[in-house]
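# Architecture and fold: a report
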Amino acid sequence: MLKTIIKREILEYLKSAKFLVGLLIAIVLTAASTSLNVQDHATRHQDYLDAKKEFKSNGFVIVLFREPQILSAFARGKDRDVGSRTEMSVMNAPGPLTGYMGDEPGRSPAFAGFSAVDLAFIIRVILSLMAVFLAYTSVSEEKANGTLKLALSNAVPRDKLLLGKLLSGLAAVVGPLAVVVLLSSAILVLHPGVSLSADDLVRIFLMFVVSVLYLSIFYALGLFVSVKTDRPAVSLMILLQAWVFLVVIYPNLSVILSERIAPLPSEEVLARQKDAVSERHIADIKKANEGIHQVSPTREDRLRFNDAWSAEAADFDQVEGEFSRRQTAQMRLADGLSALSPAALYDQIMGRLARTDIREYDRFMEDAHRLWLKHIERARLRYRDEDAYKRTSLPDFSQPSESAGESAASVWPQVIILVLCGLVFFALAYTGFLRKDLR
Amino acid sequence: MKTIIRREFLEHAQSLQFMVLLVLSLALFAGNGLIFVESYGVHMDSYQKNLAFMNSWKSTVRLELFRLPNSLVFVAEGGDNKRPSEYYLLPGGQVTAGSPNLRAFKLPPVPPLDWSFIIGVLFSLYAILLGYSSISGEREQGTLRLVLSNSLGRAKLLAAKYISILLVLLVPLLAGALLSLTIIAGFLPQLLTLANVSRAGLVFIIALAYISLFALLSLLFSALIPRSALVLLVLLAIWVVFSVIIPSSSVIIGEKLAAAPREIQTARMFEPMVDKEISAKIEEIVKRGERGGFKTEEDMRAAADRAFEEGQVKVNQFYGDFRRAQRQRLEAVRDLSRLSPAALFQYAAEGVVRSGPGGEDQFLQQVGDYSRVYDAYILKKLGKVVPASNFSFGESVTFNGKKISLDSPEPREYEGDKSDFPVFSERQASIGAGLKSALGDLLGLVLWNIILAGLAFSAFLRTDVR
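Residues numbered from 1 in each chain as written. Chains lettered and ligands numbered in written order. Predicted model: local features only at pLDDT ≥ 70, side-chain atom pairs only at ≥ 80, totals over all residues.

### Considerations on the overall build of chain B
Quick note on the threshold: The numbering of helices and of strands both runs from the N terminus, where a helix is a DSSP run of H or I of at least 4 residues and a strand a run of E of at least 2. For the exposure call, what matters is how many other C-beta atoms sit within 10 Å of a residue's own: 20 or more marks it buried, 12 or fewer exposed, and in between partly exposed, using C-beta atoms placed from the backbone. Each residue is represented by a C-beta atom placed from its backbone, and any two residues with such atoms within 7 Å are regarded as in contact.
Each helix and strand counted, chain B has 13 helices and five strands in total. In terms of its C-alpha atoms, chain B occupies a principal-axis envelope of roughly 110 × 45 × 35 Å. Every one of the 466 residues in chain B was classed for burial, and the buried ones make up 43%. Considering only intrachain contacts with a sequence separation of at least 6, the fraction spanning at least 24 residues in chain B is 83%.

### What to know about the packing of helix 6 (residues 158–190) of chain A against helix 15 (residues 412–434) of chain A
Residues and elements named next belong to chain A. Applied cut-off: Axes here refer to lines fitted to C-alpha atoms; in helices the fit is confined to the stretch in contact. Angles between the N-to-C directions go from 0 to 180 degrees. The cut-offs work like this: below 35 degrees is roughly parallel, past 145 is roughly antiparallel, 65 to 115 is roughly perpendicular, and the gaps in between are oblique. In this scheme the handedness of a crossing depends on how the near helix is turned from the far one: anticlockwise by less than a right angle means left-handed, clockwise means right-handed. Classification convention: Asp, Glu, Lys, Arg as charged; Ala, Val, Leu, Ile, Met, Phe, Trp, Tyr, Cys, Pro as nonpolar; all other residues, Gly among them, as polar.
As a packed pair, helix 6 and helix 15 sit with axes 9 Å apart at the nearest point and diverge in direction by 140°. Taken together, the axes of helix 6 and helix 15 are oblique relative to one another. When the axes of helix 6 and helix 15 are compared, the crossing they make is right-handed. Across the interface between the two elements, Arg158, Asp159, Leu162 and Leu166 of helix 6 pack against Phe426, Ala429, Tyr430, Phe433 and Leu434 of helix 15. In terms of residue class, the contact of helix 6 with helix 15 is made up of seven nonpolar, no polar and two charged.

### Some thoughts on the pairing of strand 3 (residues 94–97) of chain B
Residue and element names in this part refer to chain B. This is how it is decided: In this description, strands pair whenever DSSP reports at least two bridges between them.
Sheet topology places strand 2 (residues 86–90) next to strand 3; four bridges connect them, and they run antiparallel. Note on strand 3: the bridge partner recorded for Leu89 is Val95. Linking two consecutive strands that pair antiparallel, namely strand 2 and strand 3, is a turn of three residues; a positive phi of about 95° is found at Gly92 within it.

### Thoughts on the confidence of the model for chain B
Inclusion rule: For every residue, the predictor assigns a confidence score, pLDDT, that lies between 0 and 100.
Per-residue confidence for chain B averages 87 on the pLDDT scale, and 99% of its residues sit at or above 70. Confidence metrics for the complex model read pTM 0.88 and ipTM 0.85.

### Some remarks on unusual backbone geometry
Of note in this structure, A:Arg355 is not a glycine but carries a positive phi near 60°. With respect to the helices and strands, the residue A:Arg355 is situated in the loop between helix 11 (342–354) and helix 12 (358–384). In this structure A:Arg355 comes out as buried when scored by C-beta crowding, with 25 C-beta atoms within 10 Å. Not every positive phi belongs to a glycine, and B:Arg354 is a case in point at roughly 55°. Counting through the fold element by element, B:Arg354 comes out in the loop between helix 11 (341–353) and helix 12 (356–382).

### Section: the environment of B:Thr463
Residues and elements named next belong to chain B. You can see Thr463 is positioned in the segment after helix 13 (431–462). As for Thr463 and Pro226, which are separated by 237 residues in sequence, their C-alpha atoms are 9.0 Å apart. Residues in contact with Thr463, not counting those within four places in the same chain, are Ile135 and Ala223.

### Details of the interface of chain A and chain B
With 57 residues of chain A at the interface, the matching set in chain B holds 55 residues. Breaking the side of chain A that touches chain B down by element, the ones donating at least two residues are helix 2 (17–54), helix 3 (119–135), helix 8 (232–261), helix 9 (267–292), helix 10 (299–337) and helix 11 of chain A. Residue contributions to the side of chain A that touches chain B peak at 13 residues, all from helix 2 of chain A. Residues belonging to the side of chain A that touches chain B are distributed by class as follows: 35 nonpolar, 12 polar and 10 charged.

### Some thoughts on helix 3 of chain A
Residues and elements named next belong to chain A. As a reminder, the rule being used: Multiplying 1.5 Å by the helix residue count minus one yields the expected span of that helix. By definition, a residue's bend is the angle between the axes fitted to the seven residues ending there and the seven starting there.
With 17 residues, helix 3 extends 22 Å from end C-alpha to end C-alpha; this agrees with the ideal 24 Å at 1.5 Å per step. A maximum bend of about 30° is found in helix 3 at Leu127. Burial within helix 3 is extensive, with 17 of its 17 residues counted as buried.

Structure (C-alpha cells):
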C-alpha cells in the first residue's frame, strides 16, 4: 500500500513543471559555480604553494601562509575572505591574516552582503525553495480537488497516506540533491589540479546527509502548512513568507542582535589599552635600545633587547587576543541566536564540515601563536646558550589538521536541532492530518 | 477605472500577504532607523575627535585625513561600514587608505539592514505575491470575462490593476520609510536637512520605479500563463535569479573576467621592481663614487637623492597600478551584476546618497585636489617637495676612504609658523552630482519598466479571456 502511494506521488512530482524547473536551475548553477569555485581553489592553492616557495622566512621575520581548503569549492564560507598570510617576529606577535601584498582582506567590498554562489548556497536557497514548492500542494490541493476524500475512502489509513507523501516528497527532493552533489563531486575529482583524500570524501558524504536533513525540514514544514490549509494558494503564500523569514530575514536579525548584546570594545578603548602597554614598556625598551646601539653590544645587551621587545609584543598580543576572543564570542552568540533558522544552522554545519568557517581561522591563529612562543624562546636561547640554539631549529609550521569525525562531532548540537526541527514539523503535520476534516 | 482601482486595492489590502508585508516593513524600517541612530552616534563621536586631531596636526611630513560619516547610510550602506575612515596623505600626492573596518569579519556575512535591502528583497517579492494572480486568477474564476464584457478597454483594466498593485505597496513602503525617518529625526534632528530629505525622497522615487518593474513583471506573466500557481512559480524563479543568483554569481564571474593580476603576481613583482628601479641605480652611484666619479660627497648624495626620488615615484606608481587593478575587478563585478534590476536599484540608491565605491572616489578626488594645495604649501615653506612613499631605503658606501650612509630623502617637517596651513575639509556632493552618478542605473530601471509595460500590454491584448 505504502509503496503504491509513494510510487504514485513520485511520478506526479517527476512530471510537474516545478520539479523540472528547480532541477534545471540547480544543475546549471551547480555546474557553473562548482567549475568556477574549483578553478578558483586551484589557483589559490597554486598561489599558496608559490608563496611558500618564493617568500621565505628569514632569521628575523617568520612568514606563514594559510593553505586554502579544498572543500571551499562546495562551501566557500570565510575561506576566501580571511586572508592568506601572516608574519611574526620577536617584536610582533602574528597579526591578523592579510593578502600576499600585506593588504587587509576585504578592502573593496564588492556587492555588500551578497555571498558568492556555491553548492551550499544552491542547496540552502534553491533546493529548499524547491522542497517548499513540492510540498505545498501535497495535501491542500488534493483537498481542494476532492481527491483526498476519494483516496481515504479506500482502505488507506491516514498515517500511511501522510507517511507515503513524506517519503515520496523526500525522495523527490533528495534526487536532485544527489544529482547536484554528485555533479559537484565529479567536477572536483576531474579537475587536474585537485586531489581528494578519503577524509574529504567522508566530509562530502556528511555534507550530503546534513543537506538531506535540511531539505527534509522544509518539506515537512510544507507538508504541515499544506495539511493546515485548505487552499493550495494560501499554503504557498504562507510557506513563501515563512521561507523568506527563515532564510533571508532571521539570520540577518540574529547578527544585528548579537552586535548589540555583546558589543566589542571601541577603537578608542583598544587604542587606550595599547597606549597603556607602550607606556609600561617604554623605559625598558629605551634602555634596551641604548644597549644595542653601542659600538659593540654584549650578549647581555642583545638578550635585554630581545626580552624588552618580546615582552611588549606579548602584552600587545594579549590586548589583540582578548579582542579576537570577544569577536569569536560575538560570532558564537550570533550563531546561537540564529539557531531558530534552519538555513543559518545549515551554513554553520557546512562551514565546519568544509573547514571554511571562523573556527578554522581561529585554529590557524592559535597554532601560529604557539609557533611564535617557540620562536621567542628560541631567540632567547641564542643569547644564553648559542650551542644549544644551533642544535635546535624552529619546528616547521603545518596547518592544524582535523579529521572528518572530529569536525562532525563539533557540530552535533546543530545537527540535533535540525533533526528535531524536521521531526517537530512532521509530528505537527501528522497530528494535523489525523484530525483534518476532509469534507 | 477608479472603481476598479478601488476594488483591487481593497482586495489586496485585505490579503494575508499585505498584512504580513505591513508588519514586516514597519518592523524592519524601525530596526533600520534605530540601528542607524546608534551607529551614527558612535561614528560621529569618533569623527569629531579625529577632526580635532586632524586640524591640529599641521605636518609637512604626513597628514591623516578622516572621512565624514555618511548621514544617509541607512538608505544604502554600500559596504561603507567596512571601508576605512582614515587616509594618509604624503607629500607628492601619495594617498594610502587606513585599515578597513574588519571588526565584524567573524560574523556571518549578512546584508546590511538598509532601505535598499528591505525594498530590494522584500518589496520586490511582495510585488510578485500581490500581483501574480491579477489576471490569471480572475481568468480562473471567470471574472475576467465578466469585467471585460463591460465597456472597459483592456489597456485601462491593465493600467488599473498596475496602479492598484503599486498603491497597495506604497502604503507599507511609505509607512516604513516615514517611521525610519521619524526615528532618525527624533534622535538626530540635525540630520533632517532639506538636502538629506530630498536625497531620501529621490531614493524613494527610484524604489517606486524598481517595485513597479516587479508589478509589471507579475502582470506580464499573469497575462501569459493561464494557471496562477504556475505564474507564481515562474515569477519566483525570476525573483531568485534577479535578487540572489545574478548578484551572487557576478562576484565569481566578474572576478574571473576582469584581467586584473592576482595579488601574488603583484607581490612577486615588487622586489625585482625595487631592485631595478632603486637598488641597481644606487649600486651604480656607489660604484661610481668608489671609482671617484663624483667630485664631492654632496654630488654623490644629490645623485642618490635623485635616484631615490625617482624610485619612490615608481613605487607609488606600482601601488597605484595595483589598486587600480583591484578597483577594475570590483567594477567588473558590479557591471556584470547590473543585469539584475536589484543591483541597478542598489547602485542607483548608493549613487544618490554617495555611499559605496563612488562615495569613496569622491572623497579621494577631494583629497587629490587638496594634495595640490598641500604640496604648494610645502614648496612655499621648504622650497622643495620630496615625493614620499611608505617605503624608505638606505645604503652604506665608502667614499674617499670614509664610510657614509646614503638614505632615501625623507620629507622634512617645517618648524616655522604654520598658522596659514591649509586645512582639509570634506565637501558634501550636491544632489545634482548624486543624481548624475545614479542616472545610468536609474535609466536602466526605467528601460526595464518601459519594456515590461509594453510586453505586459501586448500580452494582455492577446490574452484569450474565455
